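# What the coordinates show
Chain residues, written in single-letter form:
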Amino acid sequence: MGETSRLVAERLDLRYDDRVVVAGLDLAVPDGRFSVIVGPNACGKSTLLRALARILRPHAGRVLLDGRAIHSTPATAVARTLGMLPQSAVAPETITVLDLVGRGRFPHQTLLRQWSDADQAAVEHAMAAAGVTELAERPVDELSGGQRQRAWLAMVLAQQTELLLLDEPTTFLDITHQLDVLDLCADLRADGYTIVAVLHDLNHACRYADHLIAMVDGRIVASGPPGEVVTPELVAEVFGLTCTVIPDPATGTPMVVPAARSSRRAVR
């Protein structure tokens, strides 16, 4: 039997004004997987993620969430199912980390259901998972870039959605915190979450993803397990980079080793 997909894109055409970024794209996000979208700058990775999250309306085609057109579904209903960490999130001035993370519970609030012990527990768990518990009373605008990124990630986790879309979640983080975030994603995937992330580090993508989506010029050129997808030929096609692909000595997953500088110059 094939894999199921709660989140599906059909013949997507995505544009900014008259500039076509993605055209005729089909994608079925495999449930319960950690999918990573890779590709060169300006290839449409973040644009695709914004459409999947209901932020950007397609010029043509559609995104389906649980079989329903996502752009015809109320935003609050989508937010109870799907969480999105945008690339450049902006917090209101003076808001604390605790208040920011608490906003992740807004989709669950109604006139008849106000703040509860379950909401409090969700916020505390999310803050602990993202490593920001000790920053609870700090204003978000006083944090370092890495701390701020983890606070935003905690807010998304507090939504307690089974689908997470993360646009460059390791931006601004040092190597240790990059791995902490990716370890957290791996743990969530093991718990049954479906995660789609945009990453720039191809070796991190190979080590952590179990489903890789490679994009060039607004189209998907390959998808599947990293061990099947990542080859020297694919890296050359996607990134224009001459390389060798070897097993990662720590995990056995593909590791891309760029050719020496002199060799790269020779093929240009």
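In this text, all values refer to a predicted model and were calculated from it rather than measured experimentally. (Residues numbered from 1 in each chain as written. Predicted model: local features only at pLDDT ≥ 70, side-chain atom pairs only at ≥ 80, totals over all residues. Heavy atoms only, no water.)

### Comments concerning the environment of Thr-242
Following the sequence through the fold, Thr-242 ends up in the loop between α9 (232–239) and β11 (243–247). Sequence separation between Thr-242 and Val-257 is 15 residues, and the spatial gap between their C-alpha atoms is 8.8 Å. (Helix = DSSP H or I, 4+ residues; strand = E, 2+ residues; numbered from the N terminus.)

### Thoughts on the packing of helix α4 (residues 117–130) against helix α5 (residues 145–158)
Two numbers describe how α4 lies on α5: the axes approach to 8 Å, and their chain directions differ by 140°. In terms of orientation, α4 and α5 fall into the oblique class. Here α4 runs over α5; the crossing is right-handed. On α5, the residues that touch Ala-122, Ala-126, Met-127, Ala-129 and Ala-130 of α4 are Arg-150, Ala-154, Leu-157 and Ala-158. Classifying every residue of the contact of α4 with α5 by side-chain character gives eight nonpolar, no polar and one charged. (Axes fitted to C-alpha atoms, helices over the stretch in contact; angles between N-to-C directions. Parallel < 35°, antiparallel > 145°, perpendicular 65-115°, else oblique. Left-handed = near helix turned anticlockwise from the far one by under 90°. Contact = heavy atoms within 4.5 Å. Nonpolar A, V, L, I, M, F, W, Y, C, P; charged D, E, K, R; others polar.)

### So, the sheet that holds strand β4 (residues 60–65)
One open sheet holds the four strands; their spatial order is β2-β1-β4-β5, and the pairing between them is antiparallel. Pairing within the sheet leaves two strands with one partner each, and these edge strands are β2 (19–29) and β5 (68–69). One ladder, built from two bridges, connects β4 with β5; its direction is antiparallel. Within β5, the position partnered with Leu-65 by the bridge is Arg-68. (Pairing = 2+ DSSP bridges.)

### Quick notes on the packing of α5 against helix α6 (residues 175–190)
Put simply, α5 and α6 touch, their axes get as near as 12 Å, and they point 10° apart. The angle between α5 and α6 places the two elements in the roughly parallel class. On α6, the residues touching Arg-150, Leu-153 and Leu-157 of α5 are His-177, Val-181, Leu-184 and Leu-188. Considering only residue class, the contact of α5 with α6 consists of five nonpolar, one polar and one charged.

### Notes on a negative patch on the surface
Taken together, the side chains of Asp-174, Asp-180, Asp-183, Asp-187 and Asp-191 define an acidic patch exposed on the protein surface. Along the chain, the position of Asp-183 falls in helix α6. The exposure class of Asp-183 is partly exposed, given its relative accessible area of 36%. (Patch = residues over 30% accessible without salt bridge, like charges linked within 9 Å, V, L, I, M, F, W, Y side chains within 5 Å. Areas by Shrake-Rupley, 256 points an atom, 1.4 Å probe, with all protein chains shown as cover. Salt bridge = Lys/Arg side-chain N within 4 Å of Asp/Glu carboxyl O. Lys, Arg positive; Asp, Glu negative; His and termini not counted. Charge placed at Lys NZ, Arg CZ, Asp CG, Glu CD. Buried < 20%, exposed > 50% of the residue type's maximum accessible area, 1.4 Å probe, protein only.)

### Observations concerning the sheet that holds strand β10 (residues 219–224)
Spatial strand order, β6-β7-β8-β3-β9-β10: six strands in an open sheet with mixed pairing. Two strands in the sheet have a free side with no partner beyond their single neighbour: β6 (82–85) and β10. Each adjacent strand pair in this sheet contributes to an overall mean axis angle of 15°, direction not counted. Across the sheet, α5 is in contact with β6 and β7 (163–167); its angle to β6 comes to roughly 170°.

### A short note on α6
An ideal rise of 1.5 Å per residue puts 22 Å on 16 residues; α6 measures up with 22 Å between its terminal C-alpha atoms. Within α6, burial applies to Gln-178, Val-181, Leu-182, Leu-184, Cys-185 and Leu-188. Viewed along the axis of α6, the buried residues span an arc of 150°, placing them on a single side of the element. On the buried face of α6, the contacting elements are β3 (34–38), α4, α5, β7, β8 (194–198) and α7 (202–208). Of the residues trailing α6, Gly-192 is marked for its positive phi of about 105°. (Expected span 1.5 Å × (residues − 1). Arc of directions from axis to C-beta.)

### Some thoughts on the layout of surface pockets
There is about 280 Å³ of room inside the largest pocket. Those elements that place two or more of their residues in the lining of the largest pocket are α2 (75–79), β6 and α5. In this structure, the second largest pocket encloses a volume near 180 Å³. Contributing to the lining of the second largest pocket are 13 residues, with Ala-42, Cys-43, Gly-44, Lys-45 and Ser-46 lying nearest its centre. For the lining of the second largest pocket, the secondary structure elements donating two or more residues are β2 and α1 (45–52). Here the element with the most residues in the lining of the second largest pocket is α1; it accounts for three residues. Here the residues of the lining of the second largest pocket sort into four nonpolar, six polar and three charged. (1 Å grid on protein atoms, 1.4 Å probe; cavity = no way out; pocket = protein on both sides within 12 Å on 5 of 7 lines; lining within 4 Å. Points joined across faces, edges and corners; volume = space filled by probe spheres on them.)

### Details of the nonpolar core
Within the largest apolar cluster, 52 residues are counted, with the highest numbers of intra-cluster contacts made by Phe-34, Val-36, Val-97, Val-101, Leu-166 and Leu-212. No other element matches α5, which puts eight residues into this core. Those residues in contact with Val-36 that lie beyond four places of it in its chain are Ala-197, Leu-199, Ala-205, Ala-209, His-211, Leu-212 and Ile-213. Counting residues in hydrophobic clusters, the runner-up holds 29 residues, among them Leu-49, Ala-53, Val-78 and Val-196. (Core = buried A, V, L, I, M, F, W, Y, C linked by side-chain atoms within 4.5 Å.)

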